[in-house]
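# Residue-level structural notes
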Amino acid sequence: MKRKNEKTPEGESPSRQPETSPEVFELLNAFTAHLKPANSIVEATKRYTTQEIIAAIKEFNGDLIIRDSVVVEYLEKRGFHYEALPDLYSLKFHWLFAEK
């Protein structure tokens, strides 16, 4: 008996839930609307980890699908960067923000 081809035809995507909800980008825009990239830890008025940013977004809608890599890419494309804070006994990286 010949085996049936289970692959999805070209040009079609399998029916599955998207990796990141479109609403995430709207909430990231709102989150960064009053912030600009800080050039250094001294200049930063706000410091957040990627997980803290995701938690803040999920407060608006806990059902959202948010991948860490999406948040990182979004912030890097807008000029934000992260650094390890001095005097910490762990390597925890924080995004550096300054208010506009």
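Details of the structure are given in the entry above.
Read on for an overview of the structure.

Criteria and thresholds
Residues numbered from 1 in each chain as written. Predicted model: local features only at pLDDT ≥ 70, side-chain atom pairs only at ≥ 80, totals over all residues. Heavy atoms only, no water. Phe/Tyr/Trp six-rings, centres within 6.5 Å; stacked < 30°, edge-to-face > 60°. Lys NZ or Arg CZ within 6 Å of the ring centre and 35° of its normal. Core = buried A, V, L, I, M, F, W, Y, C linked by side-chain atoms within 4.5 Å. Buried < 20%, exposed > 50% of the residue type's maximum accessible area, 1.4 Å probe, protein only. Helix = DSSP H or I, 4+ residues; strand = E, 2+ residues; numbered from the N terminus. Contact = heavy atoms within 4.5 Å. Patch = residues over 30% accessible without salt bridge, like charges linked within 9 Å, V, L, I, M, F, W, Y side chains within 5 Å. Areas by Shrake-Rupley, 256 points an atom, 1.4 Å probe, with all protein chains shown as cover. Salt bridge = Lys/Arg side-chain N within 4 Å of Asp/Glu carboxyl O.

## With respect to the packing of aromatic side chains
- According to the stated counting rule, one finds 6 aromatic pairs in the structure shown.
- Three or more aromatic residues joined by ring pairs form one cluster here, namely Phe-31, Tyr-48, Phe-80 and Phe-97.
- Between Arg-78 and the ring centre of Tyr-74, over which it is positioned, the NZ or CZ distance is 3.6 Å.

## A look at the nonpolar core
- Residues Ile-53, Ile-57, Ile-66, Leu-75 and Phe-97 are the most contacted members of the largest nonpolar core, which totals 16 residues.
- Elements with a minimum of two residues in this core: helix H1 (23-32), helix H2 (50-58), helix H3 (68-77) and strand S4 (93-99).
- For this core, the leading source of residues is H1, giving 4 residues.
- Apart from residues lying up to four places away in sequence, Ile-57 is in contact with Leu-27, Leu-28, Leu-64 and Ile-66.
- Membership of the second largest hydrophobic core comes to 6 residues, among which are Ala-38, Ile-41, Leu-85 and Leu-96.

## Here we look at a nonpolar patch on the surface
- On the surface, a nonpolar cluster with roughly 340 Å² of combined accessible area is contributed by Tyr-82, Leu-91 and Phe-93.
- Tracing the sequence through the fold places Tyr-82 in strand S3 (residues 82-84).

## Examining the pattern of salt bridges
- Summed over the entire model, instances satisfying the criterion amount to 2 salt bridges.
- Linking Glu-73 and Lys-77 is a salt bridge whose minimum nitrogen-to-oxygen distance equals 3.2 Å. One end of the pair, Glu-73, and the other, Lys-77, are both in helix H3, 4 residues apart, so they sit about a helical turn from each other.
- Judged by relative accessible area, which is 45%, Glu-73 ranks as partly exposed.
- Its relative accessible area of 64% is what places Lys-77 among the exposed residues.

What is shown is where atoms sit, not what they do.
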